Amino acid sequence: MDWSTLIRDEVKPLVAYAPGLRGSDVRERSGVDEIAKLSSNENPYGPFPAAATAMWAVLGHLNRYPDGSSRALLGKLGGHLDVPEERLVLANGSNELLRILAEAVLAPGDEAVFAAPSFVVYPMVTQLVGATKVAVPLDADAAHDLDALARAVTARTKVVFLCNPNNPTGTIFAREAFERFLERTPESVLIVLDEAYFEYVTDPEHVNGLDYLDDERVVVLRTFSKMYSLAGARCGYGVMAAPLVEAVNKVRDPFNVNMVAQAGAYYSLDDPDEVVRRRAENAAERERLYAALDSLADGSVGRAGSGVASGDDSSGSGAAADGSAGRISYVPSQTNFVWVRVPDAQNVYEELISRGVIVRSFGGEALRIGIGLPAENDRLIAALRAVVSGD
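Regarding the packing of aromatic side chains
Per the stated rule, a full pass over the model turns up 13 aromatic pairs. Ring centres of Tyr-65 and Phe-255 lie 4.6 Å apart, and the angle between their planes is 15 degrees; on these two criteria the pair is classed as stacked. With a gap of 190 residues between them, Tyr-65 in the loop between α3 (49-58) and α4 (71-81) and Phe-255 in the loop between α9 (242-251) and α10 (259-268) connect regions that are remote in the sequence. Residue classification places Tyr-65 among the exposed residues on the basis of a relative accessible area of 66%. Here the aromatic rings of Phe-178 and Phe-181 are separated by 6.4 Å at their centres, their planes lie at 20 degrees, and the arrangement is stacked. With a gap of 3 residues between them, Phe-178 and Phe-181 both fall in helix α8 (residues 175-184), about one helical turn apart. Using a relative accessible area of 0% as the deciding quantity, one classes Phe-178 as buried. For Phe-181, a relative accessible area of 1% corresponds to the buried category. Pairwise contacts between aromatic rings join Phe-48, Phe-224, Tyr-228 and Tyr-237 into one cluster.

And the structure:
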């Protein structure tokens, strides 16, 4: 078999997504029993109680296919968002929707514009369909430079992917900047707002993509994986113009949202107070991590505002270039993770692994550190102090 001719040229240079280490892997490597897994931006709390009960209840029915139209969940979600059902589509996580949108919209010769570093899937799905990747560096505050993104749009641009809040830096762009971007972007360009971490945001100036649905260019993607703690079940959704929903439904796999995920997502929507509580808990623990970072290295740690890598980095990585060598710095976040610039980040990553703490290394001088349970954050902070002090 000549695999070089069988495999599509667009697929050959792709790098498969590398999931973070499992707790069992680190337990074997470190010899530490209690592992703090803070690498995958997961919600450390379990599914909402009503959702967990509903998911258990359907296990005895898994010999049947799920409702391929997800009719009950679509109706519930439409009422929750105050959005017509015909503008909603469900998928196996919002991640799948990114691929489906690329397959439905992009063709060889088209361009897709996105920030860098940002979510690794944007360049992957663009390349998969043979379109051209256009990466635009983040600004000095590690946030989307919407003016630069608008300038990058050409007559060949079909899609702009905007991750808000951004993964991996946790930053947002505000309404005024977004509205200016809309004014400068042609009506022929699809604007995909990836709002996977929307429920964590506390900044009152943040963009709510649902406020812009009168503009049919705007697509809003969200997920039940993060705030609603259903990462293991996989359920995401998109809000978009009805003709695009029709196209997406032609491309998506049948029964792509399983029965357990549908049940969990449906009942997760019944507890808005729990969303408020978890948002506040996350914000409090995030501030506690900031305070610990501020206290390290005799005050040489501070909130960062510059030095993000530029260019098309399909790994999503970024590195500090702001003259802060020897210092630890971080970017204030609106998510359940914090972007921390650390000299020799890979070595720090390995040192944390040896202490039973899993974070995500992005190469250069950057780590992405998730917000865990208070006890997990205690373990992280103690491990960071030990690494910085050389203990």
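Comments concerning the pattern of salt bridges
Counted under the stated rule, the structure contains 19 salt bridges. Of the charged contacts in the structure, one is a salt bridge between Glu-96 and Arg-99, with a shortest N-O distance of 3.5 Å. Highlighted residues: Glu-96 and Arg-99, both in helix α5 (residues 94-105), separated by 3 residues, approximately one helical turn. Here Arg-99 falls in the partly exposed class, since its relative accessible area comes to 26%. Ionic pairing is found between Arg-288 and Asp-378, a salt bridge with its closest N-O pair at 2.7 Å. Taken together, the residues Arg-288 in helix α11 (residues 272-295) and Asp-378 in helix α13 (residues 374-389) connect sequence positions 90 residues apart. For Asp-378, a relative accessible area of 42% translates into the label partly exposed. Among the charged side chains, a salt-bridge network with shared partners connects Glu-96, Arg-99 and Glu-103.

Criteria and thresholds
- Residues numbered from 1 in each chain as written.
- Predicted model: local features only at pLDDT ≥ 70, side-chain atom pairs only at ≥ 80, totals over all residues.
- Heavy atoms only, no water.
- Phe/Tyr/Trp six-rings, centres within 6.5 Å; stacked < 30°, edge-to-face > 60°.
- Helix = DSSP H or I, 4+ residues; strand = E, 2+ residues; numbered from the N terminus.
- Buried < 20%, exposed > 50% of the residue type's maximum accessible area, 1.4 Å probe, protein only.
- Salt bridge = Lys/Arg side-chain N within 4 Å of Asp/Glu carboxyl O.

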